[in-house]
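Reading the structure
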Amino acid sequence: FLLSDLQHYVRHYVFHRVDFLWLLRAVHRSATSFTVFTTSRGHFIELEISRFFDVLPLMLLGLPLHTYFLLRFIVQVQQLIIHSSIASDWGWIGRYVLVSPAAHRVHHSIEERHFNRNYAAFFPVWDIVFGTAWIPARGEFPPTGVARGEPGGLADALTGPFRDWRAMLSRRKAPG
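Residues numbered from 1 in each chain as written. Predicted model: local features only at pLDDT ≥ 70, side-chain atom pairs only at ≥ 80, totals over all residues. Heavy atoms only, no water.

**With respect to the overall build of the chain**
To keep it simple, the criterion reads: Under the DSSP-based scheme used, a helix requires at least four consecutive residues in state H or I and a strand at least two consecutive residues in state E, with every element numbered from the N terminus. Only protein chains enter the accessibility calculation, which uses a 1.4 Å probe; a residue whose area is less than 20% of its type maximum is buried, one above 50% is exposed, and one in between is partly exposed. We call two residues in contact whenever any of their non-hydrogen atoms come within 4.5 Å of each other.
The helix and strand inventory of the chain stands at 8 helices and 0 strands. Reading the chain from its N terminus to its C terminus gives the helix and strand order α-α-α-α-α-α-α-α. Counting the 176 residues in the chain, one finds 43% classified as buried. Contacts spanning at least 24 positions in sequence make up 64% of the contacts within the chain whose residues lie at least 6 apart.

Here it is as structure tokens:
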């Protein structure tokens, strides 16, 4: 469980830091209303890449397939809770034991001071160890989304990254 959660932290971090992957991740992050439905909002390519990396540690350890499904169930319940509009920081438990809804809302914040913070899915220890932790002040409830704004419907959410990739590639200079 710890290895899987560490893998999630690293994958999440990489999706935020690599421009090509960020364009996929931005579909999830662009939601301006933060609800349990935000959990399932994502680009289909990101979801498939993530699924592969989610199962990889379990395969390397030789664990049975049902372990993956049990783990995913536990993680999905946690994801529903932390993507809810619950403003609670859960006190010391939310700071050191389990990621709280308030901490994850900071991760989705549009405020620059919160950028690249709180990547952990389950255990906040990864953010603490890697220096990405932001412990929200009591009552801190920032607005969510991304600078680009919310995609304009299903078509934009599914095709936007491809359009952005093309624009990103066209800005690159030809080798010298």
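That shown, we press on.
**Some remarks on the confidence of the model for the chain**
If pLDDT is low for a region, its predicted coordinates should not be looked at in detail. Basically, it comes down to this: Confidence scores labelled pLDDT are given residue by residue by the predictor and lie between 0 and 100.
Residues of the chain with pLDDT of at least 70 account for 84%, and the chain-wide mean is 87. The least confident element of the chain is helix α8 (residues 154-171), whose mean pLDDT is 65; the most confident is helix α7 (residues 125-130), at 98.

**Quick look at the side chain of Asp127**
Our working rule: In this count, Lys and Arg are taken as positive residues and Asp and Glu as negative ones, while His and the chain termini are left out. Any Lys or Arg side-chain nitrogen found within 4 Å of a carboxyl oxygen on Asp or Glu counts as a salt bridge. Two N or O atoms count as a polar contact when they lie within 3.5 Å, although within protein this holds only if one can serve as hydrogen donor and the other as acceptor, and sequence-adjacent residues are included solely when both atoms are side-chain atoms.
Its place among the elements puts Asp127 in helix α7. There is no salt bridge for the buried Asp127, and the closest opposite charge comes from Arg117, which lies 7.8 Å off by N-O distance. Within polar-contact distance, the side chain of Asp127 engages the backbone nitrogen of Tyr119 at 2.9 Å. At a separation of 2.9 Å, a polar atom in the side chain of Asp127 contacts the main-chain amide nitrogen of Ala120. Beyond its immediate chain neighbours, meaning those up to four positions away, Asp127 contacts Tyr9, Asn118, Tyr119, Ala120, Thr132 and Ala133.

**Some remarks on the side chain of Ser100**
With respect to the element layout, Ser100 can be found in the loop between α5 (91-96) and α6 (101-107). Judged by its relative accessible area of 1%, Ser100 falls in the buried class. Leave out the neighbours within four places in its chain, and Ser100 touches Ile82, Ser88, Asp89, Trp90 and Gly94.

**Thoughts on the packing of helix α3 (residues 44-60) against helix α4 (residues 65-82)**
Our working definition: Fitted lines through C-alpha atoms serve as axes, helices being fitted only where they are in contact, and the angles separating the N-to-C directions of these axes extend from 0 to 180 degrees. Working definition: roughly parallel below 35 degrees, roughly antiparallel above 145 degrees, roughly perpendicular at 65 to 115 degrees, and oblique for all remaining angles. We call a crossing left-handed when the near helix sits turned anticlockwise from the far one by less than a right angle, and right-handed when that turn is clockwise. For this classification, Asp, Glu, Lys and Arg are treated as charged, while Ala, Val, Leu, Ile, Met, Phe, Trp, Tyr, Cys and Pro are nonpolar and the rest, including Gly, are polar.
One can describe the packing of α3 onto α4 by two numbers: an axis separation of 10 Å at closest approach and a directional angle of 125°. Here α3 is positioned oblique relative to α4, judged by the angle of their axes. α4 is crossed by α3, and the crossing has right-handed handedness. Residue-level inspection shows Arg51, Asp54, Val55 and Leu58 of α3 in contact with α4, the latter providing Thr67, Tyr68, Leu71 and Arg72. Across the contact of α3 with α4, the residue classes break down as 4 nonpolar, 1 polar and 3 charged.

**Overview of a nonpolar patch on the surface**
Quick reminder of the rule: Two joining distances apply to patches: 9 Å for like charges and 5 Å for nonpolar side chains (Val, Leu, Ile, Met, Phe, Trp, Tyr), and every residue must have over 30% relative accessible area and no salt bridge. Where accessible areas are quoted, they stem from the Shrake-Rupley method and a 1.4 Å probe; at the residue level, only the protein chains shown are allowed to cover.
The grouping of Phe1, Leu70, Phe73, Ile74, Val77, Ile81 and Ile86 at the surface amounts to a nonpolar patch, some 620 Å² of accessible area in total. Within the secondary structure, Ile74 is located in helix α4. On the basis of relative accessible area, Ile74 is assigned to the partly exposed category, the value being 34%.

**Brief notes about unusual backbone geometry**
Positive phi values are uncommon outside glycine, yet Asn116 reaches one of about 60°. Tracing the sequence through the fold places Asn116 in the loop between α6 and α7. On the basis of relative accessible area, Asn116 is assigned to the partly exposed category, the value being 35%. The backbone phi angle of Asn118 is positive, close to 55°, even though this residue is not glycine.

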